[in-house]
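A closer look at the structure
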Amino acid sequence: MQFQISTLPGNARFPANEDETVLEAALAAGWLLPYGCRDGACGSCKARIVQGRIEQGQISESALSDEERTAGYALLCRARPRSDLVIEVRNSGRVGDFPVRKLPCRIQELRRAADDVMILTARLPAGEPFRFRAGQYIDILLADGRRRSFSLANPPESTGQIELHIRLVPGGQFTRQVFETLKVRDILRFEGPFGSFSLREDEHRPAILLAGGTGFAPIKSIVEHAIATGAQRKLVLYWGARTLGGLYMDSLAASWEGQLPGFRYVPVLSDPDASGAIRTGLVHKAVMADHPDLSAHEVYACGAPAMIDAARRDLIGHCALPAESFYADVFTFASDSSA
Ligand SMILES: Cc1cc2nc3c(=O)[nH]c(=O)nc-3n(C[C@H](O)[C@H](O)[C@H](O)COP(=O)(O)OP(=O)(O)OC[C@H]3O[C@@H](n4cnc5c(N)ncnc54)[C@H](O)[C@@H]3O)c2cc1C
């Protein structure tokens, strides 16, 4: 059975079959709604069902509270329509011409950038263009059908290769392979690009870029794209890590100040810094200290769920950041139910 979905605001209209999710149907029809993990875990695709009925598949409780469910909110990546729907989304737009593709790639370099961070560079097949927006991610397809998400760290301008920043997860199926068994020239398969975590190009308000650990990867893509396109927007990057080693591309980030007018870099360590040269504390608290009023800013935050939750809560709650101006890519992990 097929239903009609429309969005407010934005007036996107698209059909959806009862066995596909609202997000899948929107993307298939060329509409880009906000989304992240596609796994019911990050909450980026949260939207209010204004009219109609859905079946909400399996999701993580932390991504959608009982109060939000009662207030009519749903996660579109796991919501299947059971009638025509009108949904309220934060924003919607056309997908553009970046088709999702499955491609192989050959590992070119594995560089240990920190104790628990590997920078993996891989070559794409010649003559197979892979286009994406800065800030998007790919899914690595594992041999057993499972998938693991990683943000693209290179800008879209560097064609022919991809760069991933991979943090070792203790006991992790894929990340352990990256650190222990994968070798240069091995082949990986991936699907992408996915995600809506990109700098809004029609926006001119100053933006805070907030990265925790390997949350730096999509931010790197975004800033290098801004440099390549000569963007004029005021951008301040706050990059947080536990120790100095965790700021594994610190000098690169600092060098962007000379390449992008209006760009500033603020490193922040959560462990005490013996030299006293670097700010310490929680990275989002540093943003709050420097910007007590964020009412005329946008924030793009990327990293672990706890950091994103705290930043969302405090920047909206205490610094007057409009809720719709907080964009996040949450590094949740695969539930493996989507394998
Ligand atoms: C959109 C998106 C983009 C991402 N981009 C990046 C990126 O650029 N760089 C990066 O390093 N990571 C990124 N991640 C997180 C990354 O996908 C996971 O860390 C990865 O899937 C772990 O795979 P694994 O097979 O090693 O671990 P698994 O075998 O899946 O997990 C092993 C154990 O560790 C737990 N676990 C897994 N991952 C995490 C985690 N991140 N934090 C805490 N516990 C965990 C699991 O619950 C399980 O108990 C991203 C996630 C999403 C959703």
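For the structure, check the block above.
Below is a summary of the structure that appears in this document. (Residues numbered from 1 in each chain as written. Predicted model: local features only at pLDDT ≥ 70, side-chain atom pairs only at ≥ 80, totals over all residues. Heavy atoms only, no water.)

Attention now goes to the site of the ligand. Residues in contact with the ligand amount to 20 residues; listed here are only the nearest, Arg148, Ser149, His165, Phe174 and Thr175. Between the ligand and Arg148, the relevant distance is 2.5 Å, taken from an oxygen atom to a side-chain nitrogen or oxygen of the residue. In this structure, an oxygen atom belonging to the ligand sits 2.8 Å away from a main-chain N or O atom of Arg167. Isolated, the ligand exposes 920 Å² of accessible area, and the fraction of that covered by the protein chains is 80%. For the shell around the ligand, the elements supplying multiple residues, two or more each, are β13 (147–151), β14 (161–167) and α3 (173–180). (Near = heavy atom within 4 Å. Polar contact = N/O pair within 3.5 Å; in protein donor to acceptor, adjacent residues only side chain to side chain. Areas by Shrake-Rupley, 256 points an atom, 1.4 Å probe, with all protein chains shown as cover. Helix = DSSP H or I, 4+ residues; strand = E, 2+ residues; numbered from the N terminus.)

Before going further, it helps to spend a moment on the pairing of strand β15 (residues 187–194). Among the 8 residues in β15, 6 count as buried, and that is most of the element. Summarising the sheet, strand β12 (residues 137–141) and β15 pair through 4 bridges and their orientation is antiparallel. Bridge pairing links Asp139 to Glu191 in β15. (Buried < 20%, exposed > 50% of the residue type's maximum accessible area, 1.4 Å probe, protein only. Pairing = 2+ DSSP bridges.)

In the sheet, strand β1 (residues 2–8) pairs with strand β8 (residues 85–88) via 4 bridges, with the strands oriented parallel. What sits directly across from Leu8, in β8, is Glu88. As paired strands, strand β4 (residues 46–51) and β8 are joined by 3 bridges and run antiparallel to one another. Residue pairing for β8: Arg48 is matched across the bridge by Glu88.

What follows covers the nonpolar core. Leu209, Phe216, Leu235, Leu237, Trp239, Tyr248 and Phe263 are the most contacted members of the largest nonpolar core, which totals 32 residues. When contributions to this core are tallied by element, the ones reaching two or more residues are β10 (101–114), β11 (117–123), β16 (207–212), α4 (216–228), β17 (235–241), β18 (263–269) and β20 (298–303). The element best represented in this core is α4, accounting for 5 residues. Each of two domains, domain 2 (101–194) and domain 3 (207–330), supplies a minimum of three residues to this core. (Core = buried A, V, L, I, M, F, W, Y, C linked by side-chain atoms within 4.5 Å. Domains from an automatic or database assignment.)

Here we take up the environment of Leu199. Among the structural elements, Leu199 can be located in the loop between β15 and β16. With 66 residues separating them along the chain, Leu199 and Arg133 place their C-alpha atoms 9.1 Å apart. For Leu199, the residues in contact, after removing those within four places along its chain, are Ala207, Leu209, Ile222, Arg233, Leu235 and Tyr300. (Contact = heavy atoms within 4.5 Å.)

Looking now at the packing of aromatic side chains. Summed over the entire model, instances satisfying the criterion amount to 11 aromatic pairs. Centre to centre, the rings of Tyr137 and Phe194 are 5.8 Å apart; their planes meet at 40°, and the pair counts as tilted. Residue Tyr137 is found in strand β12, and its partner Phe194 is found in strand β15; the two are separated by 57 residues along the sequence. Note on accessibility: Tyr137 and Phe194 belong to one class, buried. (Phe/Tyr/Trp six-rings, centres within 6.5 Å; stacked < 30°, edge-to-face > 60°.)

The strand order β19-β18-β17-β16-β20-β21 describes an open sheet built from 6 strands, whose pairing is parallel. The open sheet terminates on both sides in strands that have one partner only, identified here as β19 (279–280) and β21 (326–330). Inspection of the sheet shows β20 paired to β21 by 5 bridges, in the parallel sense. Paired with Cys302 across the bridge in β21 is Asp329. Packed onto the sheet, α4 meets β16, β17, β18 and β20 and runs at close to 145° relative to β16. This element, helix α7 (residues 305–318), spans β16, β20 and β21 of the sheet and lies at about 170° to β21. (Axes fitted to C-alpha atoms, helices over the stretch in contact; angles between N-to-C directions.)

In total, this model carries 21 salt bridges according to the counting rule given. Taking the shortest distance from any N to any O, the salt bridge between Glu298 and Arg205 comes out at 3.8 Å. Within this pair, whereas Glu298 is found in strand β20, its partner Arg205 is found in the loop between β15 and β16, the two being separated by 93 residues in sequence. With relative accessibility at 1%, the residue Glu298 sits in the buried group. Each of Arg38, Asp139, Arg147 and Glu191 takes part in one network of salt bridges that share partners. (Salt bridge = Lys/Arg side-chain N within 4 Å of Asp/Glu carboxyl O.)

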